[in-house]
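# Inside the fold
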Amino acid sequence: MIYISVILSLLLLIYIFDYKKVRKNKQLWYYLMLAVFVAIAGFRYRLGMDTVTYEYEFYRNTICFSEWNWNSVFVETDRDSGYLILTSVIKSVFGVWEVAQFIIALIVNVVIFRFFYKNTICPFVAILLYFCSLYYDLNFETLRQALSLSLFLLGYEYLMRKKFFQYFLFVLLAIAFHRIAILALFLPVFNFVKMNTYSIAILIFLFFVVEIVNVYFFDVSMMLSLLGAETNSVGDKLVSYAASQRYGRLDFINIFVATVFPGIVCAFIDKRSNSHILKNNEFLLFFYLLSVVMTVAVPIFYRVSQFFLPFYIVYMANAFVFIFVKRKYFSKTLVLFIVFCFFYTYFLRFFRRSEETGNRFLVRVYPYYTVFTKEKDPEREKVYNYYWF
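Residues numbered from 1 in each chain as written. Predicted model: local features only at pLDDT ≥ 70, side-chain atom pairs only at ≥ 80, totals over all residues. Heavy atoms only, no water.

For Glu381, the location among the structural elements is in helix H19 (residues 378-388). Here Glu381 falls in the buried class, since its relative accessible area comes to 13%. With near-sequence residues (within four places) excluded, Glu381 lies in contact with Arg46 and Lys376. (Helix = DSSP H or I, 4+ residues; strand = E, 2+ residues; numbered from the N terminus. Buried < 20%, exposed > 50% of the residue type's maximum accessible area, 1.4 Å probe, protein only. Contact = heavy atoms within 4.5 Å.)

Right, dumping it as structure tokens:
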């Protein structure tokens, strides 16, 4: 199985380069893993529910050069203009969805790998965590958000250097691919936020407030869908998230134990280890944890948490210093616990069964078929037909 091979390869590379600190050929192997990640996502065939929709829209609705005008690109389109322009160019030049899929996979993974290499002590640990959590969503499902996140990560380093003109330029480009990037416009205002006693107290307080609202008041997600009723796409999306097992309400105790608490521990490990790689962007980890807390009652915040998840991955990868370097067993055990929580949250979801279809989530990615054979899995097609037709 291709996914198991990737995981085993990464475990070996973690031992050689992150644990043993071998420098020879480190970049070569990192680039080789990048090529593998791009190939898996770029050559897939009908893997991911949103991919099927994007492919359908590419052939049925995406316009070509000859149809370009202000209204068709910026006013009347149902898609964000940046994504429309990109896919329109690809359709005009190549004419097939497979090329668009590969180009998107290339852009997203090159940026993500570059971000991890520049911001982590243990880059192979980071890409293993990425592969087991965010890789599926960005490469198989939320392609527009993936491109938007990539542009934000390119602008992030300008934010850290306080070069705000370049940062806002990248953010505006990110918004052109997905409106969730509007949040990034306000991030410079909150860069004073630190992961300390006060911010933790705020998170815990909000956690219980959100749960009280979730239990004793009306459905917040349905309220938001009513507010967005004038734009059917927004309202329908919110309703679908609220009803979905994947995005719907989650047990708030599990959320706290599996995500919020490990995030807090990672922040303090980073401070204690004096790595200081992330000393100026603790506010991004805070916003990730805040969006996870809000997901308990407002499912749409799951998408917001994805936007900040790469920073959580960086903190967790840096926490591995306590496993590789420190001798105290308590520290090692604590890190192993938060890693277990991470895999419990993201990786084990593939083995849960959907209440709607009865299939495991794994059917969306396994068996793996490529564009070269264009073979269809009957069970996967049943899931697609259930949700989209």
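With that settled, consider the packing of aromatic side chains. Under the definition given, this model contains 36 aromatic pairs. Measuring from centroid to centroid gives 5.1 Å for Phe37 and Tyr135, while their planes differ by 70 degrees, and the two rings are edge-to-face. Placement of the pair is Phe37 in helix H2 (residues 26-42) and Tyr135 in helix H8 (residues 134-141), with a sequence separation of 98 residues. For the pair Phe37 and Tyr135, one class covers both residues: buried. (Phe/Tyr/Trp six-rings, centres within 6.5 Å; stacked < 30°, edge-to-face > 60°.)

Now for H8. With 8 of its 8 residues buried, H8 lies for the most part within the structure. Along H8, the positions that sit buried rather than exposed are Leu134, Tyr135, Tyr136, Asp137, Leu138, Asn139, Phe140 and Glu141.

This part is about unusual backbone geometry. Note: most peptide bonds trans; most residues except glycine with negative phi. Here the residue pair Tyr366 and Pro367 is connected by a cis peptide bond, since its omega of 5 degrees sits within 30 degrees of zero. Mapped onto the secondary structure, Pro367 falls in the loop between helix H18 (329-346) and H19. At Asn25, a position not held by glycine, the phi torsion is positive, near 65 degrees. Assignment of secondary structure puts Asn25 in the loop between helix H1 (2-19) and H2. The phi torsion at Arg46 lies on the positive side, around 55 degrees, for a residue other than glycine. Topologically, Arg46 is positioned in the loop between H2 and helix H3 (49-60). According to the relative accessible area criterion, Arg46 is buried, its value standing at 15%.

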